[in-house]
Amino acid sequence: MGPGGRWVRAAHTALSVALTLGLLLHRTDLREQEERGELLRPLSFVLLVLCSVLLYFKVSLMDPGFVKPEEEAKAGEAEGQSLVMPQAPGEVKLRRCGYCLVKQPMRARHCQLCQHCVRRYDHHCPWLENCVGERNHPLFMAYLGVQLVVLLWGGHVAWSGLSFQQSWEWLRHNIFLLLSFFLIVTFTIVVLLLLVSHLYLISCNTTTWEFMSHHRISYLRHSERENPFDQGIILNLWRFFCSRHLTAWEQIYFHRNSEPV
């Protein structure tokens with residue numbers, strides 16, 4: 001973990017703690033419930049924020065699906081089975097990465113920031129300081145979902161503490177809540193757009209990289225289908241959220257391209 005990653009994670013944690021404490025200490029719904037001894041909602045909010053922060057660290061620090069050199073021997077054994085599989089178009093070839101020199105599985109891509117090839121590479125997230133790939137993408141979606149709930153709840157709490165008056169004294173006492181509200185609204189829009197766009201891509205069984213660079217990716221350019229990995233919304237969602245094993249995308253690709261269009 002580089003120094004840049006430590007600073008980003010520290011900033012995320014500090015921001016989460018500061019906003020949570022601010023909402024609890026100012027005159028908001030949560031503060032009033034706390035003073036009345038009704039602790040269920042304040043505790044639930046704090047636990048939800050804690051869950052969000054823990055998910056953030058889990059996704060940020062876990063292996064997103066790095067391709068390791070020792071896996072090449074296993075890949076070689078799998079290639080022996082290709083005799084009973086439909087052959088891919090001649091233009092499609094699995095290539096060796098020019099940076100880390102491993103043989104890339106289909107849908108993998110080298111990330112120059114992480115300095116690894118990543119399976120089913122989606123994108124490198126600067127807020128996580130980690131790639132989003134085959135292993136951590138489902139948890140990334142869970143993090144976005146929990147974060148969205150936290151932000152919506154936090155926005156409601158911040159709004160409950162604002163009773164607008166046209167005076168500098170009011171602004172001086174409410175500047176933190178006002179800034180918190182606008183910051184939460186901004187983050188809510190970003191997280192909502194990310195969540196919706198990723199759900200759409202997952203339902204089509206494509207990635208951000210494939211969606212943005214379709215014309216540059218050889219296995220997509222030379223496929224007879226627009227998306228050779230699309231198996232229908234239900235199966236795509238099930239494979240993404242419920243599968244606990246790495247997928248041999250070459251087999252799906254070869255099989256789908258052998259079917260009549």
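A brief look at the structure comes next. Keep in mind that this is a model prediction, so the values were computed, not measured.

Quick look at a nonpolar patch on the surface now. On the surface, Val-17, Leu-21 and Leu-25 cluster together into a nonpolar patch covering about 280 Å² of accessible area. Along the chain, Val-17 turns up in helix H1 (residues 3-25).

Our next topic: the nonpolar core. Core analysis: the biggest nonpolar cluster contains 32 residues, and Leu-23, Leu-128, Phe-140, Met-141, Tyr-143 and Leu-144 have the highest contact counts within it. At the level of elements, H1, helix H3 (40-61), helix H5 (137-160) and helix H6 (168-203) are the ones that each hand at least two residues to this core. The biggest single contributor to this core is H5, with 10 residues. Apart from residues no more than four positions distant in its own chain, Tyr-143 is found in contact with His-12, Ser-52, Leu-55, Tyr-56, Val-59 and Trp-127. In terms of nonpolar packing, the next biggest core, distinct from the first, is built from 16 residues, Trp-209, Leu-220, Ile-252 and Phe-254 among them.

Bringing the packing of H3 against H5 into the picture now. Closest axis-to-axis distance for the H3/H5 pair is 9 Å, and the angle between their directions is 150 degrees. When the interaxial angle is binned, H3 and H5 end up roughly antiparallel. Between H3 and H5 lies a crossing of left-handed hand. Counted together, Arg-41, Ser-44, Phe-45, Leu-48, Val-49, Cys-51, Ser-52, Leu-55, Tyr-56, Lys-58 and Val-59 of H3 and Leu-139, Phe-140, Ala-142, Tyr-143, Val-146, Gln-147, Val-149, Val-150, Trp-153 and Gly-154 of H5 form the full contact between these two elements. Per-class residue counts for the contact of H3 with H5 are 15 nonpolar, four polar and two charged.

In this structure, Gln-147 sits in helix H5. What makes Gln-147 buried here is its relative accessible area of 12%. Filtering out sequence-adjacent residues up to four positions away, Gln-147 remains in contact with His-12, Ser-52 and Val-191.

Turning our attention to the packing of aromatic side chains. Tallied over the full model, the rule gives 13 aromatic pairs. Ring plane angle 45 degrees and centroid distance 5.2 Å describe the contact between Trp-159 and Phe-181, whose orientation is recorded as tilted. You can see Trp-159 sitting in helix H5 and its partner Phe-181 sitting in helix H6, a full 22 residues away along the chain. For Trp-159, a relative accessible area of 45% puts it in the partly exposed group. Judged by its relative accessible area of 16%, Phe-181 falls in the buried class. Ring centres of Tyr-219 and Phe-229 lie 5.8 Å apart, and the angle between their planes is 75 degrees; on these two criteria the pair is classed as edge-to-face. On the criterion of sequence distance, the pair formed by Tyr-219 in helix H8 (residues 218-221) and Phe-229 in the loop between H8 and helix H9 (233-242) is long-range, its members being 10 residues apart. Classification of Tyr-219 by relative accessible area gives buried; the value is 7%. Each member of the aromatic cluster is reached from another via a ring pair, and the members are Tyr-219, Phe-229, Trp-249, Tyr-253 and Phe-254. The ring of Phe-229 is capped by Arg-107, whose NZ or CZ atom sits 4.1 Å from the centre of that ring.

About the criteria used
Residues numbered from 1 in each chain as written. Predicted model: local features only at pLDDT ≥ 70, side-chain atom pairs only at ≥ 80, totals over all residues. Heavy atoms only, no water. Patch = residues over 30% accessible without salt bridge, like charges linked within 9 Å, V, L, I, M, F, W, Y side chains within 5 Å. Areas by Shrake-Rupley, 256 points an atom, 1.4 Å probe, with all protein chains shown as cover. Salt bridge = Lys/Arg side-chain N within 4 Å of Asp/Glu carboxyl O. Helix = DSSP H or I, 4+ residues; strand = E, 2+ residues; numbered from the N terminus. Core = buried A, V, L, I, M, F, W, Y, C linked by side-chain atoms within 4.5 Å. Buried < 20%, exposed > 50% of the residue type's maximum accessible area, 1.4 Å probe, protein only. Contact = heavy atoms within 4.5 Å. Axes fitted to C-alpha atoms, helices over the stretch in contact; angles between N-to-C directions. Parallel < 35°, antiparallel > 145°, perpendicular 65-115°, else oblique. Left-handed = near helix turned anticlockwise from the far one by under 90°. Nonpolar A, V, L, I, M, F, W, Y, C, P; charged D, E, K, R; others polar. Phe/Tyr/Trp six-rings, centres within 6.5 Å; stacked < 30°, edge-to-face > 60°. Lys NZ or Arg CZ within 6 Å of the ring centre and 35° of its normal.

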